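Chain and residue survey
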Amino acid sequence: MIKKIIWVYGAIKRYLFYDTKYLFLFIYRYFQNNYRNKCQFYNDKEIIDLINIGKSIIRVGDGEIGLVHFCRVSYQVYSDAIRNDFLKIIKNYNNNSPYILGITEFVNYTNKELTHFINSEGKEINRFPVWRQLKITYELIFNKNAKYFDALAFYKPGRFENLILPYIQNKKVIIVTNKENKEKIMTSPLSSDTYLYITCEPENTYESRLKIQKDITNVIDKSGLPKNNFIVLMSAGLSKTIIYDMADQGYQVLDIGIGLESYYTGINLENRI
């Protein structure tokens, strides 16, 4: 109980004057151990069907939710511009959007279930401090009539292979990632010499988002081929906000994140969930 009181005191100091509505709902829900949301998620077949008709994917995790609430993340400096971009992505989302919005299924866990979460290695981990913001934010601003994609899907073995790999076999693939990841992917036996690459910095990629977007469109324009011949796989930090505009323009961009590196290197990320 003392720890909870300390958390609430810290939240009051941080949010009282510039995120007041969030603060009061945060306090109200904090002590309700059995409180849960009822967010709807697409199943695998539905996701595959949506990708096949050209929908993009944007994943929103704990870092992005933190930015919505004026918090900093380790790999991206905060700005009002990036906060407003994610608010737009979240608030404008519906089942007819040209992108599928991904959030973690932890949004539906109770506080108690998050506190005593058992990971894939059988270890009990307290996930409540990480995902409590998402639960409150979903209740405040997310579209409750829309269905969502599991943002942690690509952390799980076999999900990239089942959901994405069959589809990209017939596409020209552009991979957007940092130099280190590019080198890992290129030397992987699962890679292909037909892949095209656009490199970015490992951190603060939001500031170079417009250049990344221009680089992508230039590659496609110079090919002389229709844009629907291409699929863009992104593992490029918070430059992912460009997906909102690119999807609306008819480009297909999938925010894979570090799940892309996991697939090509064979690193299992499931224990991070």
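This one's a predicted model, so the numbers in the text were calculated from it and none came from an experiment.

Before going further, it helps to examine helix α13 (residues 258–265). Taking burial as the measure, the eight residues of α13 include six buried ones, the bulk of the element. Among the residues making up α13, those that are buried are Gly 259, Leu 260, Glu 261, Ser 262, Tyr 263 and Tyr 264. Summarising the contacts, the buried residues of α13 are in contact with α8 (159–163), α9 (165–168), β7 (172–178), α10 (179–186) and β9 (230–235). Residue Gly 266 follows α13 closely and has a positive phi angle near 80 degrees.

Leu 101, Ile 103, Tyr 148, Phe 160, Ile 164, Ile 168 and Leu 233 are the most contacted members of the largest nonpolar core, which has 89 residues in total. Inspection of this core shows a minimum of three residues originating in each of domain 1 (1–30) and domain 2 (153–270). Once you skip the residues sitting within four places of it in the chain, Ile 103 turns out to touch Cys 39, Phe 41, Val 60, Leu 134, Tyr 138, Phe 142, Tyr 148, Phe 149, Asp 150 and Ala 151.

Turning next to the domain arrangement of the protein. Assigned domains of the protein: these are domain 1 (1–30) and domain 2 (153–270). Distance between the C-alpha centres of domain 1 and domain 2: 38 Å.

Another point: the environment of Val 60. Assignment of secondary structure puts Val 60 in the loop between β2 (56–59) and α4 (62–68). For the pair Val 60 and Gln 40, spaced 20 residues apart in sequence, the C-alpha separation works out to 15 Å. Apart from residues lying up to four places away in sequence, Val 60 is in contact with Ile 65, Leu 101, Gly 102, Ile 103 and Ala 151.

In this section: the packing of aromatic side chains. Inspection of every chain in the model, using the stated rule, returns 21 aromatic pairs. With centroids separated by 4.8 Å and ring planes inclined at 75 degrees, the aromatic side chains of Tyr 263 and Tyr 264 adopt a geometry described as edge-to-face. You'll find Tyr 263 and Tyr 264 in the same group, each marked buried. An aromatic cluster is present here, built from Tyr 93, Tyr 99, Tyr 138, Phe 142, Tyr 148 and Tyr 244 joined pairwise through their rings. Over the ring of Tyr 35 we find Arg 29, and its NZ or CZ is 4.3 Å from the ring centre.

Right, let's talk about the pairing of β2 for a bit. Going residue by residue along β2, you find Ser 56 and Ile 58 tucked away on one face and Ile 57 and Arg 59 tucked away on the opposite face as well. In the sheet, β2 pairs with strand β3 (residues 99–103) via four bridges, with the strands oriented parallel. Paired with Ser 56 across the bridge in β3 is Tyr 99.

A few words on the pattern of salt bridges. For the coordinates displayed, the defined rule picks out 14 salt bridges. Here Glu 113 ties to Arg 36 by a salt bridge, and the two come within 3.0 Å at their closest N and O atoms. In this pair, Glu 113 is assigned in helix α6 (residues 111–115) and Arg 36 in the loop between α2 (20–30) and β1 (40–41), connecting sequence segments 77 residues apart. Exposure remark for Arg 36: the relative accessible area of 41% places this residue in the partly exposed category. With a closest N to O distance of 2.6 Å, Arg 159 and Asp 44 form a salt bridge. Residue Arg 159 is found in helix α8, and its partner Asp 44 is found in helix α3 (residues 44–52); the two are separated by 115 residues along the sequence. The class for Arg 159 is buried, based on a relative accessible area of 17%.

Here we take up the pairing of strand β8 (residues 196–200). Note: β7 against β8, five bridges, orientation parallel. Within β8, the residue paired with Ile 174 across the bridge is Leu 196. Crossover connection from β7 via α10 to parallel β8: handedness right-handed.

About the thresholds
The written sequence of each chain sets the order in which its residues are numbered from 1. Totals for whole chains, interfaces and linings use all residues, but because this is a predicted model, local features are given only for residues with pLDDT of at least 70 and pairs of side-chain atoms are given and counted only at 80 or more. The side-chain figures draw on all heavy atoms in the structure; neither hydrogens nor water molecules are used. Only protein chains enter the calculation, and the probe is 1.4 Å; a residue is then buried if its accessible area is under 20% of its type maximum, exposed if over 50%, and partly exposed in between. What counts as a helix is a DSSP run of H or I of at least four residues, what counts as a strand is a run of E of at least two, and both are numbered from the N terminus. By definition, residues are in contact when any of their heavy atoms lie within 4.5 Å. Buried Ala, Val, Leu, Ile, Met, Phe, Trp, Tyr and Cys residues that are joined via side-chain atoms within 4.5 Å together make up what is termed a nonpolar core. The split of the chain into domains comes from an automatic or database domain assignment. Each pair of aromatic rings taken from Phe, Tyr and Trp, with Trp reduced to its six-membered ring, is defined by centres within 6.5 Å and is described as stacked if the planes are under 30 degrees apart, edge-to-face if over 60, and tilted in the remaining cases. Here, a charge over a ring is recorded when the distance from Lys NZ or Arg CZ to the ring centre is within 6 Å and its angle to the ring normal is within 35 degrees. By the convention used here, strands pair only if DSSP detects at least 2 bridges between them. For salt bridges, the criterion is a side-chain nitrogen of Lys or Arg within 4 Å of an Asp or Glu carboxyl oxygen. When the strands point away from the viewer and the connection leading from the first strand across the helix to the second strand turns clockwise, the crossover is called right-handed.

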